[in-house]
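A look at the structure
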Amino acid sequence: MKKILWSIFIILGIVLLCAVIYILYLFNAFNSGVSDSYEEIDRDRSELRVDDVDASNDNFTVLILGIDADAERTEGGQINADHFRSDTMILATFDRDNDDVKMVSIPRDTLAYIDSMNYFDKINHAHAFGGPVGAMGAVESLLNVPVDHFVRVDMNAVVEIVDAIGGVDFEVPYEMNGLQPGVQHLDGEQALSVIRNRSVDSDLGRGVRQMELIEAVFKQAQSFSTLSQVNELINIFTSNTSHNFATGDIRSLASYYLFNDVAFESSQLQGTGFTSQSNGVYYAWPDEEHLFALSNTIRDILGLDPSTANDLISIRLGEQIQPVTEVSTDLLENYTLDSEPGYAEDGAENQYGDGFGIE
């Protein structure tokens, strides 16, 4: 009997040792993966922040950039991914106080101020002009909110991510790419085709689907039950993303947001399309009242003072803006509105409410 018990203890010990070794392997793989995908950027904290932000404890923002930079388009890695225009721009605000993530999809044709070029242009050009820092700066000037972090994802990674989690249940709004409308269980290729398609509705509809897919993937990832699945996601993350998060921050965020009931709210920046008379190019003029609502909702979550209309450059310089025309120093530094717009006056109601939950 003692011999049997001793054998059982030995077997249990071996199993436990193997488990510890595997966990340590995953831990090291995680650290190595996050380190390999970390990208040093030429800025510390946002100029709109007074204090440093600890993503493992504080409310913060992250700009999600989707780019198409596969081996063919980069000529086998010879072209730097920083030189690509962003195909997707989503600003996510992580609110730990309310277990909430608010996502704003910014249409790529949105006319925005690009600091490195000192003119207004399509916001998706900002990444091509200045990489992640350029894109972060353009979003900051548009919304007057700090962009604390970025995650840049190769859009083709969607295929690997969705397949790694066993596919996702997703409501397809229209018949597209051979898929019928309604809730479908999509594999990676199908998910990518759904969020890329804009022939049925528009670039705006595609932005909504991209935010919905992020939520679906997040919810599915919460159901993971094996270490091997985690290891696979680590490898996908390492191969297809770049970011400026510290390793400890990502580990803390993963443990918190994957094991808590987190609500998602999303919004797409409203705007009006127009063709510029100066250059014949199509742009989307951002809705000033919606900008104002989004700015103040996000600033409130981050514990910052509210914006005024003059804090938002697209509102302040609205009538002075000419696309792809250098902005004078006098306009940038000295021009202000004679009076606040009605929606920005004390006590005024904004037609968009807090900017979220609108059709």
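Going by an unreviewed UniProt entry, the protein chain carries the name LCP family protein required for cell wall assembly and comes from Jeotgalicoccus aerolatus. According to its UniProt record, the protein chain has this under Sequence similarities (unreviewed entry): "Belongs to the LytR/CpsA/Psr (LCP) family."

1. So, the sheet that holds strand β9 (residues 241-243)
The pairing of strands in a sheet happens through backbone hydrogen bonds and is either parallel or antiparallel. Pairing is mixed across the open sheet formed by six strands, whose spatial order is β9-β6-β1-β2-β3-β10. Two strands in the sheet have a free side with no partner beyond their single neighbour: β9 and β10 (263-268). Within the sheet, the average angular offset between the axes of one strand and its neighbour, ignoring direction, is 20°. As paired elements, strand β6 (residues 149-154) and β9 share three bridges and run antiparallel to each other. The residue bridging V153 from the neighbouring strand is T241, located in β9. Contacting β1 (60-67), β2 (88-95) and β6, helix α2 (residues 125-143) crosses the sheet at an angle of about 135° to β1.

2. Quick notes on the packing of helix α3 (residues 157-164) against helix α4 (residues 188-196)
In contact at an axis separation of 7 Å, α3 and α4 are set at 130° when each is read in the N-to-C sense. Taken together, the axis directions place α3 and α4 in an arrangement best described as oblique. Both α3 and α4 take part in a crossing whose hand is right-handed. Contacts between α3 and α4 pair V158, V159, V162 and D163 from the former with G188, E189, A191, L192 and I195 from the latter.

3. Side note on the nonpolar core
Judged by nonpolar contacts, the single largest core of 27 residues is most densely connected at L63, I106, V139 and L143. Counting only elements with at least two residues in this core, the list comes to β1, β2, β4 (111-114), α2 and α8 (288-301). Once you skip the residues sitting within four places of it in the chain, I106 turns out to touch M89, I123, V139, L142, L143 and L269. Formed by 20 residues, the second largest nonpolar core is a distinct cluster that contains I90, F94, M211 and F218.

4. Some details on the packing of aromatic side chains
What the rule picks out here adds up to eight aromatic pairs. Residues F60 and F94 carry aromatic rings whose centres are separated by 4.9 Å and whose planes lie at 0° to one another, so their mutual orientation is stacked. With F60 in strand β1 and F94 in strand β2, the pair connects residues that are 34 residues apart, well separated along the chain. For F94, a relative accessible area of 17% gives the class buried. Across the ring face of F356, the terminal group of K102 is positioned such that the distance to the ring centre comes to 5.7 Å.

5. Some details on the pattern of salt bridges
Under the criterion given, the structure shown has nine salt bridges. With a closest N to O distance of 3.5 Å, R206 and D87 form a salt bridge. Of this pair, R206 sits in helix α5 (residues 203-221) while D87 is found in the loop between β1 and β2, placing the two residues 119 residues apart along the sequence. You'll find R206 and D87 in the same group, each marked buried. For the salt bridge of E265 with K102, the shortest nitrogen-to-oxygen distance reads 2.6 Å. Placement of the pair is E265 in strand β10 and K102 in strand β3 (residues 100-105), with a sequence separation of 163 residues.

Cut-offs used in this document
Residues numbered from 1 in each chain as written. Predicted model: local features only at pLDDT ≥ 70, side-chain atom pairs only at ≥ 80, totals over all residues. Heavy atoms only, no water. UniProt positions renumbered as here; feature names shortened; annotations may be inferred. Pairing = 2+ DSSP bridges. Helix = DSSP H or I, 4+ residues; strand = E, 2+ residues; numbered from the N terminus. Axes fitted to C-alpha atoms, helices over the stretch in contact; angles between N-to-C directions. Contact = heavy atoms within 4.5 Å. Parallel < 35°, antiparallel > 145°, perpendicular 65-115°, else oblique. Left-handed = near helix turned anticlockwise from the far one by under 90°. Core = buried A, V, L, I, M, F, W, Y, C linked by side-chain atoms within 4.5 Å. Buried < 20%, exposed > 50% of the residue type's maximum accessible area, 1.4 Å probe, protein only. Phe/Tyr/Trp six-rings, centres within 6.5 Å; stacked < 30°, edge-to-face > 60°. Lys NZ or Arg CZ within 6 Å of the ring centre and 35° of its normal. Salt bridge = Lys/Arg side-chain N within 4 Å of Asp/Glu carboxyl O.

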